[in-house]
Amino acid sequence: MGVCARDDRKISVTTETMVGIRVSDKIIRHNDDSTSTTTSTPLDQDNPNKKMKFLHEIDDLNHRQSSISDVTNEKDQLDKEEEDEDIDEDEDEDDDEDEEAINDAEPIGDVVRVSDDRGERRNHFNAFQFDGTVFHLEDTVLVAPEEGKVKPSVAIIKDIFQAESGSLQVCGRRFYRPEEAEKKEGGTWESDDARELFCSSYLDDVDALTVMHKCIIHLVPLGRTLPDRKQQPGFIVQKFYDFGTKKVRNLTDRDCEGILLLQPGAA
């Protein structure tokens with residue numbers, strides 16, 4: 001910024017003050033062989049209007065320099081905000097990609113067999129990964145509730161397959177909650193134990209993305225002792241539900257065939 005020193009006779013302006021301003025007839029440059037200096041001549045003290053005009057020009061220069069500085073600072077701030085927004089967007093995109101990768105159900109291992117479903121090839125697998133958890137054949141799992149229901153379904157994974165034009169699917173052997181199992185004469189069954197499920201032979205194909213997490217099921221055929229809920233938490237199965245006849249009977253060892261679960265009391 002320029003410094004303006006004023007006395008009774010003249011006004012002296014430093015070299016820095018003169019940048020960007022022209023004051024005609026008031027700046028005289030003396031050049032000789034040895035030096036080159038800039039001096040100011042006395043302003044006409046008898047013409048106060050010229051003095052005021054000169055001062056106004058100096059003030060105008062200072063004002064313009066201040067405005068330029070403000071604009072520059074504002075631009076720098078806007079540039080910084082844009083850079084921060086770009087960084088945030090890049091981070092959000094990376095997070096979305098990571099989340100998408102985690103939330104995709106993907107088969108694990110080689111194709112163990114190939115089948116044909118109405119002319120469409122199906123590849124079958126022994127395991128798949130979803131949301132950071134690996135699920136295998138014969139795992140007992142909770143499945144996201146169907147539309148209109150509150151509690152998740154319960155099933156044993158019997159098959160894992162993927163059609164060429166579709167998403168990864170899971171075939172599960174269904175367990176029914178008593179309130180889900182319909183009676184032939186109407187209504188549903190009841191139970192005094194919230195842990196109780198009915199075994200069935202019903203197979204249901206669901207999207208692998210609906211598999212929530214693993215659970216524990218205890219098969220307790222007739223004559224076996226019920227597990228202690230504190231020492232052995234999980235569901236208990238004592239009855240078999242025939243979804244065709246809509247009847248319930250006691251669970252037998254034959255009903256447990258093909259279900260690879262640890263039964264209480266077994267070695």
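Read on for a plain summary of the structure. Within any chain, residue numbers begin from 1 and follow the written order of that chain's sequence. For a predicted model such as this one, the threshold for reporting local features is a pLDDT of at least 70, and the threshold for listing and counting side-chain atom pairs is 80 or more; totals across whole chains, interfaces and linings nevertheless cover every residue. Excluded from the side-chain calculations are hydrogens and water; all other atoms, namely the structure's heavy atoms, are used.

Some thoughts on the overall build of the protein chain
- Looking only at helices and strands, one finds one helix and 17 strands in the protein chain.
- Looking at the protein chain residue by residue over its 267 residues, the buried ones come to 30%.
- Contacts are residue-level and defined by heavy atoms, with any inter-residue pair within 4.5 Å sufficient. Long-range pairs, those at least 24 residues apart, make up 56% of the contacts in the protein chain between residues at least 6 apart in sequence.
- A 1.4 Å probe and the Shrake-Rupley method give the accessible areas. Residues count as covered only by the protein chains that appear here. For the protein chain, the accessible surface area stands at approximately 17900 Å², while carbon and sulfur atoms represent 47% of it. A run of H or I in DSSP counts as a helix once it spans at least four residues, and a run of E counts as a strand once it spans at least two, with each numbered from the N terminus. Type-normalised accessible area, obtained with a 1.4 Å probe on protein chains alone, sets the label of each residue: buried when under 20%, exposed when over 50%, and partly exposed for intermediate values.

Overview of the packing of aromatic side chains
- Only Phe, Tyr and Trp rings are paired, with Trp represented by its six-membered ring, and only when their centres lie within 6.5 Å; those with planes under 30 degrees apart are stacked, over 60 edge-to-face, the remainder tilted. Per the counting criterion, the structure on display carries three aromatic pairs.
- Pairing Phe-128 with Phe-135 gives two aromatic rings, centres 5.1 Å apart and planes at 20 degrees, and the pair type is stacked.
- For Phe-135, a relative accessible area of 1% corresponds to the buried category.
- Residues Tyr-202 and Phe-243 carry aromatic rings whose centres are separated by 5.0 Å and whose planes lie at 75 degrees to one another, so their mutual orientation is edge-to-face. Placement of the pair is Tyr-202 in strand β13 (residues 196–207) and Phe-243 in the loop between β16 (235–242) and β17 (247–250), with a sequence separation of 41 residues.

Overview of the pattern of salt bridges
- Only one rule defines a salt bridge in this text: a Lys or Arg side-chain nitrogen within 4 Å of an Asp or Glu carboxyl oxygen. Taken as a whole and judged by the stated rule, the model has eleven salt bridges.
- Close ionic contact of Glu-164 with Arg-121 constitutes a salt bridge, the shortest N to O distance being 4.0 Å. One end of the pair, Glu-164, is in the loop between β11 (153–163) and β12 (168–176); the other, Arg-121, is in strand β7 (residues 120–125), with 43 residues separating them in the sequence.
- When the shortest N-O distance is used, the salt bridge between Asp-193 and Arg-229 registers 3.4 Å. Of this pair, Asp-193 sits in the loop between β12 and β13 while Arg-229 is found in the loop between β15 (217–219) and β16, placing the two residues 36 residues apart along the sequence.

Details of a negative patch on the surface
- Negative charge collects at one region of the surface, where Glu-81, Glu-82, Glu-83 and Glu-85 lie side by side.
- Among the secondary structure elements, Glu-82 is positioned in helix α1 (residues 48–103).
- By relative accessible area, Glu-82 is classed as partly exposed at 49%. A patch is a set of surface residues, each over 30% in relative accessible area and not in a salt bridge, joined within 9 Å for like charges and within 5 Å for the nonpolar side chains Val, Leu, Ile, Met, Phe, Trp and Tyr. By the counting scheme adopted, Arg and Lys are positive, Glu and Asp are negative, and His together with the chain ends is not counted. Every charge is mapped to an atom, namely NZ of Lys, CZ of Arg, CG of Asp or CD of Glu.

Examining the environment of Lys-184
- Within the fold, Lys-184 resides in the loop between β12 and β13.
- Classification of Lys-184 by relative accessible area gives exposed; the value is 63%.
- Separated by 62 residues in the primary sequence, Lys-184 and Lys-246 have C-alpha atoms spaced 5.2 Å apart.
- Once residues lying within four places of it in the same chain are set aside, the contact partners of Lys-184 are Thr-245 and Lys-246.

Comments concerning the sheet that holds strand β8 (residues 127–130)
- In this analysis, strands are considered paired if DSSP registers two or more bridges between them. Within the open sheet, the three strands sit side by side as β5-β8-β9. Their pairing is antiparallel. Strands at the two margins of the open sheet, each flanked by one partner only, are β5 (106–108) and β9 (133–136). Pairs of neighbouring strands in the sheet enclose a mean axial angle of 35 degrees, with direction left out of account. Lines fitted to C-alpha atoms define the axes, with helix axes restricted to the stretch in contact, and inter-axis angles between N-to-C directions lie between 0 and 180 degrees.

Digging into the side chain of Arg-174
- If you trace the backbone, Arg-174 turns up in strand β12.
- Taking the relative accessible area as the measure of exposure, Arg-174 reaches 7% and is therefore buried.

Some words on the pairing of strand β6 (residues 113–117)
- The sheet contact formed by β6 and β7 spans five bridges and is antiparallel. Bridge pairing in β7 links Val-114 to Asn-123.
- Taken together, β6 and the strand that follows it, β7, pair antiparallel across an intervening segment of two residues, in which Arg-118 is found at a positive phi of about 50 degrees.

Keep in mind these numbers describe shape, not what the thing actually does.
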